[in-house]
Amino acid sequence: MSSTGQISGEFFLSGDEACAEGALAAGCRFFAGYPITPATEIAEHMSDRLPEVGGTYIQMEDELASMAAVLGASWGGLKAMTATSGPGFSLMMENIGLGLMLETPCVVVNMQRAGPSTGLPTMTGQGDMMQARWGSHGPYSIIALSPASPQELFDLTIKAFNLSEKYRLPVLVMSEESIGHMYEKVTIPTREKINITPRRKPNVPPQEYLPYVPDDDLVPPMAIAGEGYRFHVTGLTHDERGYPIMTAEAQDKLVRRLVDKIEKNRNAIIEVEEDGIKGADVVVCSYGISARVATVAIQRARALGIRVGMFRLITVWPFPVERVREIAKNIKAFVVPEINYGQMALEVERAAAGRAKTILIPHMGGAVHDPETILDAIKQAVK
Amino acid sequence: MTTRAKQSQIHVIDERCKGCSFCVEFCPQHILYQTNETNAKGYQVVRVSEPDKCTGCGMCSRVCPEFAIYVETPDGKQ
Amino acid sequence: MKTTAIARIGAHPLDEYLRTDRLPHIWCPGCGLGMILGTVLRAIDKSRLDIDRTTIVSGIGCTGRAAGYVKLDSFHVTHGRALPFATGLKLANPNLKVVVFSGDGDLAAIGGNHLIHAARRNIDMTVICVNNFIYGMTGGQLGPTTPEMGRTTTSRKGNTEKPFNIPYLVGAAGATYVARWTTAHVRQMERTFIEALQKKGFSLVEVISPCPTYYGRMNEQATGLDQMRYYRYNSVVKHFANLADVDISLDGQIIVGKFIDIDRPYLPAPKGENGK
């Protein structure tokens, strides 16, 4: 992976640009995408920068093709990525499912905008969170991260690539227009300081290699095309040889592994940011831009002497059920601001299991919350 | 006079044959025929009526959709 | 008199390229798919391609199962998306020989958008489009190439839509090598596959193939042999024919041959060679 063209230092970048640079820093050398507000600037940046690092940019004819090309490129041996928004994200679902079934490392960035449908293309939203978890068909598990700043978009895109290689699946970066189009300082470390997870290569000679014999962490080493492993992979339910096996037994064995390889490693995957949880009466649970807006409300509440904590989701999937359940025991309520009509709030409520109330602060999209609405809810909650 | 050694030998993999008789139709020498002998799946397998007439052209193995027939010729398998 | 040697499985000349542990394959008796796949493997063998760098991508449908039978790096992807997947594969590693082996429905209906764009971009790959006029795997439904008045399980009284003329379609989109044969033209098909595999850029070979189970049975050609005979006696070889005239009607002629063989810059552009 050539490092020519790799940059480092302090920059003033939009979230979109920071995301693209994060991908390059992570070793991404292939981008296939389709223009869509508010993610287009990622593609634009990649179309300039990828050739500089010896990579390939291709603009495909639609998002179906983009996602398929990303999978093909990953099996061709490259770290590959696409970026889109709600409408494109919906079109990508089937091939994200193929990526899960073939266990293909890649990254899909969703710069959310206000939906449903065409909605408010240039304005922010967080309404695709459940689609991120369940958008494709069938039982599966997936990893999704939610950055709250251009810097985090840089950092979490790297993390997304690393997780996608470690657990061999598409990893989603669920951001929003407000962060994608926000300009802030972004520090890009020198190459040596960036930890990059390489692809897990087979540890047996080609004649003995079977594409889906897992290691202990349930993740199989991955051969790529053109190296003589002469493997077969299929979207059909398959066994360890990669052969299609049309039985319930093969389905049980495969699907359990595909889910367990994420759920059994959740503690290593999950990342949250906690502030003032100890001794809090109420905890604001949020992610992305809504978490930033909530910090204003939290400061105001604390100024009024209210003991309020902050629980920010950095990984939204898998959801930190255990930790939320634990916090729920000691507080009155979770206050959940998000720019939709209740999605992650459902997870918070499920995890709290009635031990604490869950107060959704919805916003239908097109703008961020007014901190006062969050502050009012905090005040209500502690009454 | 053709000596046995120079002769082409037709081989049938009975278990793969599905009795479609493409080979019977396309053999230029018309020396293949469908028998009443069936394989495990009940397909009537093919045999050669006059092996000496086989020219080793390999048409049978080319039109066979099942990889069930091939010809061993003096200069390798068709 | 011992007339036919009963061969051991593994003795067939193509067995080295086949997952013989998965034979006999899924395709019906009289279907042309096994023969077309065998011809591709013979062409690969004769072209002396580096087997380790030869890959096959298939979509969904009867033809889609082909990837599962070859002992190459092979990918059985989602319906209609073999071409974009193959595009990503080829762009990621230009040293790969990428062959897409898929059906009329997969390539020209759900995958139609990708077909015209892959041809437009002249992506360096070889596409075998097996055209049996219907969707076989799902039970013989109408497809984008079903001839007018053709009966299928979703057009029992005859198809009233105008079908695609595949060579015309991909030729207009920019494919630099286009040919068509039927399964009755095994030798010509093999030569054409060898040419297509050598061709730099987007090469597509349409192969008209019998489907006795559905299309044949519902259109007075009940067995594969009936359809093979029809192809044999109703095909006309017209190399570089005017593509507008090579559409296929229910009982008419089938024009076969090599229709297009031109050169223009292709993707991935070789380093420095064609200047892009």
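Residues numbered from 1 in each chain as written. Chains lettered and ligands numbered in written order. Predicted model: local features only at pLDDT ≥ 70, side-chain atom pairs only at ≥ 80, totals over all residues. Heavy atoms only, no water.

Chemist: Go over the domain arrangement of chain A with me, naming the residues and quoting the values.
Modeler: All names here are of chain A. In terms of domains, chain A is made up of domain 1 (9–193) and domain 2 (274–381). On a C-alpha basis, the centres of domain 1 and domain 2 stand 26 Å from each other. Of the residues lining the interface, 29 residues belong to domain 1; the matching set on domain 2 comes to 24 residues. Carbon and sulfur atoms supply 59% of the area buried between domain 1 and domain 2, which totals about 1900 Å² over both sides. (Domains from an automatic or database assignment. Contact = heavy atoms within 4.5 Å. Buried area = accessible area lost by both parts, 1.4 Å probe.)

Chemist: How would you explain the state of the cysteines if you had to name every residue and give the values?
Modeler: In total, this model carries 0 disulfides over all chains according to the counting rule given. The closest cysteine sulfur to the non-disulfide-bonded C23 of chain B is located on C20 of chain B, 6.4 Å from its own sulfur. (Disulfide = S-S within 2.5 Å.)

Chemist: Describe helix 3 (residues 63–75) of chain A, and please don't skip the residues or the numbers.
Modeler: Residues and elements named next belong to chain A. A rise of 1.5 Å per residue sets the reference length of helix 3, with its 13 residues, at 18 Å; its end C-alpha atoms lie 19 Å apart and thus fit the reference within 8%. N-capping of helix 3 is provided by D62, with a side-chain oxygen placed 3.1 Å from the backbone N of L64. One or two steps after helix 3, the chain reaches G77, where phi turns positive at roughly 110 degrees. (Helix = DSSP H or I, 4+ residues; strand = E, 2+ residues; numbered from the N terminus. Expected span 1.5 Å × (residues − 1). Polar contact = N/O pair within 3.5 Å; in protein donor to acceptor, adjacent residues only side chain to side chain.)

Chemist: I'd love a proper account of the confidence of the model for chain B, names of residues and values included.
Modeler: Taken as a whole, chain B shows an average pLDDT of 91; of its residues, 92% reach a score of 70 or greater. Predicted as a complex, the structure gets a pTM of 0.97 and an ipTM equal to 0.96. (pLDDT = per-residue confidence, 0-100.)

Chemist: Describe unusual backbone geometry, listing the residues and the values that go with them.
Modeler: In terms of backbone geometry, most residues other than glycine have negative phi values and most peptide bonds are trans. Each neighbour pair has its own omega, and for T37 of chain A with P38 of chain A the value is 5 degrees, a cis peptide bond. Within the secondary structure, P38 of chain A is located in the loop between strand 2 (28–33) and helix 2 (40–52). For the peptide bond that leads from W317 of chain A to P318 of chain A, omega is -5 degrees, which places it in the cis range. With respect to the secondary-structure elements, P318 of chain A resides in the loop between strand 14 (315–317) and helix 11 (321–328). Positive phi, normally seen in glycine, also occurs at H30 of chain B, with a value near 50 degrees. Topologically, H30 of chain B is positioned in the loop between helix 1 (22–26) and strand 2 (32–38).

Chemist: Could you give an account of empty space enclosed by the protein, with specific residues and numbers?
Modeler: Residues and elements named next belong to chain B. Across all of its chains, the model carries 7 cavities of 30 Å³ or more by this definition. Estimates place the volume of the largest cavity at around 100 Å³. For the largest cavity, the lining is made up of 15 residues, of which C17, C23, V46, C64 and A68 are closest to its centre. Taken together, the residues of the lining of the largest cavity break down into 11 nonpolar, 2 polar and 2 charged. If you add up the space inside the second largest cavity, you get close to 80 Å³. Along the walls of the second largest cavity sit 14 residues, with I10, C27, C54, C57 and C60 positioned nearest its centre. Across the lining of the second largest cavity, the residue classes tally to 10 nonpolar, 4 polar and no charged. (1 Å grid on protein atoms, 1.4 Å probe; cavity = no way out; pocket = protein on both sides within 12 Å on 5 of 7 lines; lining within 4 Å. Points joined across faces, edges and corners; volume = space filled by probe spheres on them. Nonpolar A, V, L, I, M, F, W, Y, C, P; charged D, E, K, R; others polar.)

Chemist: Explain the sheet that holds strand 12 (residues 282–286) of chain A to me, using residue names and the numbers behind them.
Modeler: All names here are of chain A. As summarised here, the arrangement of the 5 strands in space is 11-13-12-15-16, forming an open sheet in which the pairing is mixed. The open sheet has two edge strands, strand 11 (272–275) and strand 16 (357–362), and neither has a second partner. With strand direction ignored, the average angle separating the axes of adjacent strands in the sheet is 20 degrees. For strand 15 (residues 333–338) and strand 16, the ladder comprises 6 bridges, and the chain directions are parallel. Residue pairing across strands places A333 opposite K357, the latter belonging to strand 16. (Pairing = 2+ DSSP bridges. Axes fitted to C-alpha atoms, helices over the stretch in contact; angles between N-to-C directions.)

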